[in-house]
Amino acid sequence: MALPQHLPGNASLVEQLDRTILVVLRDGRHLVGTLRSFDQFTNLMLHPTSERYFVGDCYGDIDLGLYVVRGENIVLLGEVDPMREQQMPFRKVSSDEILEAKRQQAEDSDAEELEEFVFE
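Since the structure is predicted, the reported quantities are computational estimates derived from the model, not experimental observations. (Residues numbered from 1 in each chain as written. Predicted model: local features only at pLDDT ≥ 70, side-chain atom pairs only at ≥ 80, totals over all residues. Heavy atoms only, no water.)

Undergrad: Describe the nonpolar core, listing the residues and the values that go with them.
TA: A general tendency of soluble globular proteins is for nonpolar side chains to be buried together. The biggest cluster of nonpolar side chains holds 10 residues, and these are Leu13, Ile21, Val23, Leu25, Leu31, Leu35, Leu44, Leu46, Val69 and Ile74. Where this core is concerned, the elements lending two or more residues are β1 (20-25), β2 (30-38) and β3 (44-55). Here this core takes three residues from β1, the largest share from any one element. The residues touching Leu31, leaving out its near neighbours within four places in the chain, are Ile21, Leu22, Val23, Leu25, Leu46, Thr49, Ser50, Glu51, Leu64, Tyr67 and Val69. Within the second largest apolar cluster, five residues are counted, among which are Val55, Ile62, Val93 and Ile98. (Core = buried A, V, L, I, M, F, W, Y, C linked by side-chain atoms within 4.5 Å. Buried < 20%, exposed > 50% of the residue type's maximum accessible area, 1.4 Å probe, protein only. Helix = DSSP H or I, 4+ residues; strand = E, 2+ residues; numbered from the N terminus. Contact = heavy atoms within 4.5 Å.)

Rendered as structure tokens:
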């Protein structure tokens with residue numbers, strides 16, 4: 001039995017099974033993983049999964065392994081095209097480098113906030 005051209009709702013995720021997808025969550029995190037399963041509430045099972053961080057002109061992935069995402073936390077979901085991913089204007093760095101860059105960015109942000117509250 002062939003699938004119709006367009007499936008309504010989360011049934012359209014059938015086409016994404018066993019493909020690499022990017023999921024943006026309500027808290028701003030970006031997950032990249034292979035969609036293994038989903039249910040009627042759009043709860044997803046991704047394996048293997050990594051969390052993708054962007055800092056400046058760099059990005060890096062932190063491996064998470066098996067990840068279950070509750071459907072109500074999903075803001076955006078889409079398939080990752082490996083060819084277009086290589087053409088991104090960002091430079092891929094190791095997990096250690098991106099974590100260090102993220103830490104440095106947080107420290108710089110905290111320092112800027114403190115400067116706003118300096119009384120003379």
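Undergrad: Outline the environment of Gly78, supporting the account with residue identities and numerical values.
TA: With respect to the secondary-structure elements, Gly78 resides in strand β5 (residues 74-79). For the pair Gly78 and Val23, spaced 55 residues apart in sequence, the C-alpha separation works out to 6.8 Å. Sequence-distant contacts of Gly78, defined by excluding residues within four places in its chain, comprise Thr20, Ile21 and Leu22.

Undergrad: Go over the layout of surface pockets, please, and point to the residues and values.
TA: Its boundaries defined by the atoms lining it, the largest pocket holds a volume of some 190 Å³. If you trace the largest pocket, you find it lined by Leu22, His30, Val32, Arg52, Phe54, Gly78, Glu79, Val80, Asp81, Arg84, Glu85 and Met88. If you list the elements that add at least two residues to the lining of the largest pocket, you get β2, β3, β5 and α1 (82-86). A breakdown of the residues in the lining of the largest pocket according to their chemical character gives five nonpolar, two polar and five charged. (1 Å grid on protein atoms, 1.4 Å probe; cavity = no way out; pocket = protein on both sides within 12 Å on 5 of 7 lines; lining within 4 Å. Points joined across faces, edges and corners; volume = space filled by probe spheres on them. Nonpolar A, V, L, I, M, F, W, Y, C, P; charged D, E, K, R; others polar.)

Undergrad: Can you tell me about a nonpolar patch on the surface, naming the residues and giving the values?
TA: A surface patch of nonpolar side chains, amounting to about 280 Å² of accessible area, comprises Met45, Leu66 and Val68. Residue placement: Val68 occurs in strand β4 (residues 58-69). Overall, the relative accessible area of 61% leaves Val68 in the exposed class. (Patch = residues over 30% accessible without salt bridge, like charges linked within 9 Å, V, L, I, M, F, W, Y side chains within 5 Å. Areas by Shrake-Rupley, 256 points an atom, 1.4 Å probe, with all protein chains shown as cover. Salt bridge = Lys/Arg side-chain N within 4 Å of Asp/Glu carboxyl O.)

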